[in-house]
Amino acid sequence: ARKLLNSRLQQDYPRIFIDSLPVPDIIDGKYNPELLQQIKVGLLNSLHGLEKIGSRLIAIPCNTVHYFYSDLQSQTKYEVLHIMRTTLRRAKLSGHTKLGILGTVVTIKDRLYENQAKEFGITIANPNESEIDFVANCILKIIAGRFSAEDKSNLLSIVQRLHEEENVSAVIIGCTDLSPILKPTDGVVPLIDSLRELAELTIIKYREIVILGKKSQ
């Protein structure tokens with residue numbers, strides 16, 4: 001906000017409503033229809049609660065939860081920002097055409113980035129099966145406070161392999177739990193932080209809706 005809105009005083013910053021929703025864990029891809037329905041209902045209740053207290057723009061700082069994006073956007077007249085599209089748009093503007101990704105099992109195996117990438121002229125190279133499982137385990141370690149320096153080194157080894165063997169020019173940090181752990185310059189190629197991209201777009205959209213008076217959607 002300081003950079004994009006030139007905020008200097010407390011009143012210059014946007015008003016933000018936060019609903020930190022402890023949804024059941026599907027990071028490792030182990031879920032069933034009943035669990036998915038439980039998560040969807042919780043997300044929809046959160047969405048409607050945010051609307052009732054005055055939210056006119058919705059940002060979901062979780063890649064995996066975008067599995068439910070269409071369900072959420074269809075139930076509100078306000079814009080729900082799309083973290084995949086936001087991140088891919090930045091990658092395209094930076095000249096990237098082939099990207100690697102680090103994310104949860106759901107994000108990768110349900111092709112949440114790949115399903116959007118073609119529109120931007122981008123190809124996604126996924127980690128291999130053992131790497132997917134390792135990244136998911138690292139995310140669970142971060143949540144539990146057990147992530148180590150060795151884990152980070154091994155994550156960056158995946159980035160290096162994707163660059164050397166798959167010829168990617170950048171790798172998406174496709175899980176917001178990884179964002180505080182990995183810096184954009186940590187890898188042998190740039191790491192594109194999906195959380196940072198979503199945060200910047202949120203401020204830009206806030207400026208359009210609140211300051212410039214444009215309607216959301």
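Now for a look at the structure at hand. None of the values given here were measured: they were computed from a predicted structure. (Residues numbered from 1 in each chain as written. Predicted model: local features only at pLDDT ≥ 70, side-chain atom pairs only at ≥ 80, totals over all residues. Heavy atoms only, no water.)

Brief notes about unusual backbone geometry
Then, in step 1: The backbone phi angle of Arg111 is positive, close to 55°, even though this residue is not glycine.
Then, in step 2: As for its position among the elements, Arg111 is in the loop between helix 5 (105–109) and helix 6 (114–117).
Then, in step 3: Phi at Asn167 takes a positive value of approximately 60°, unusual for a residue other than glycine.
Then, in step 4: In this structure, Asn167 sits in the loop between helix 8 (149–166) and strand 5 (170–173). (Helix = DSSP H or I, 4+ residues; strand = E, 2+ residues; numbered from the N terminus.)

As for the packing of helix 4 (residues 83–93) against helix 9 (residues 194–211)
Then, in step 1: Where helix 4 contacts helix 9, the two axes come as close as 9 Å, and the packing angle between them is 95°. Compared by their axis directions, helix 4 and helix 9 come out roughly perpendicular. Contacts between helix 4 and helix 9 pair Ile83, Thr86, Thr87 and Arg90 from the former with Ser194, Leu195, Glu197, Leu198, Glu200 and Leu201 from the latter. (Axes fitted to C-alpha atoms, helices over the stretch in contact; angles between N-to-C directions. Parallel < 35°, antiparallel > 145°, perpendicular 65-115°, else oblique. Contact = heavy atoms within 4.5 Å.)

Examining a nonpolar patch on the surface
Then, in step 1: Where nonpolar side chains cluster on the molecular surface, the patch consists of Val210, Ile211 and Leu212 and spans about 270 Å² of accessible area.
Then, in step 2: Looking at where Val210 falls in the secondary structure, it is placed in helix 9. (Patch = residues over 30% accessible without salt bridge, like charges linked within 9 Å, V, L, I, M, F, W, Y side chains within 5 Å. Areas by Shrake-Rupley, 256 points an atom, 1.4 Å probe, with all protein chains shown as cover. Salt bridge = Lys/Arg side-chain N within 4 Å of Asp/Glu carboxyl O.)

Section: the pattern of salt bridges
Then, in step 1: Evaluation of the coordinates by the stated rule reveals ten salt bridges.
Then, in step 2: Across the salt bridge formed by Arg111 and Glu114, the nearest N and O atoms sit 3.4 Å from each other.
Then, in step 3: Take Arg111: its relative accessible area is 42%, and that puts it in the partly exposed class. (Buried < 20%, exposed > 50% of the residue type's maximum accessible area, 1.4 Å probe, protein only.)

Structural notes on the layout of surface pockets
Then, in step 1: Put simply, the largest pocket is a space of about 1500 Å³.
Then, in step 2: Every residue lining the largest pocket is counted, 47 residues in all, and those nearest its centre are Ile18, Asp19, Ala59, Ile60 and Pro61.
Then, in step 3: By residue class, the composition of the lining of the largest pocket is 31 nonpolar, eleven polar and five charged. (1 Å grid on protein atoms, 1.4 Å probe; cavity = no way out; pocket = protein on both sides within 12 Å on 5 of 7 lines; lining within 4 Å. Points joined across faces, edges and corners; volume = space filled by probe spheres on them. Nonpolar A, V, L, I, M, F, W, Y, C, P; charged D, E, K, R; others polar.)

Considering the sheet that holds strand 6 (residues 191–193)
Then, in step 1: Strand order in the open sheet made by the four strands is 4-3-5-6, with parallel pairing throughout. Sheet topology places strand 4 (123–125) and strand 6 at the edges, where each strand pairs with a single neighbour. Recorded for the sheet is a direction-independent mean angle of 35° between the axes of neighbouring strands.
Then, in step 2: By the bridge criterion, three bridges tie strand 5 to strand 6 in an arrangement that is parallel. Looking at strand 6, one finds that Val171 is bridged to Leu191. (Pairing = 2+ DSSP bridges.)

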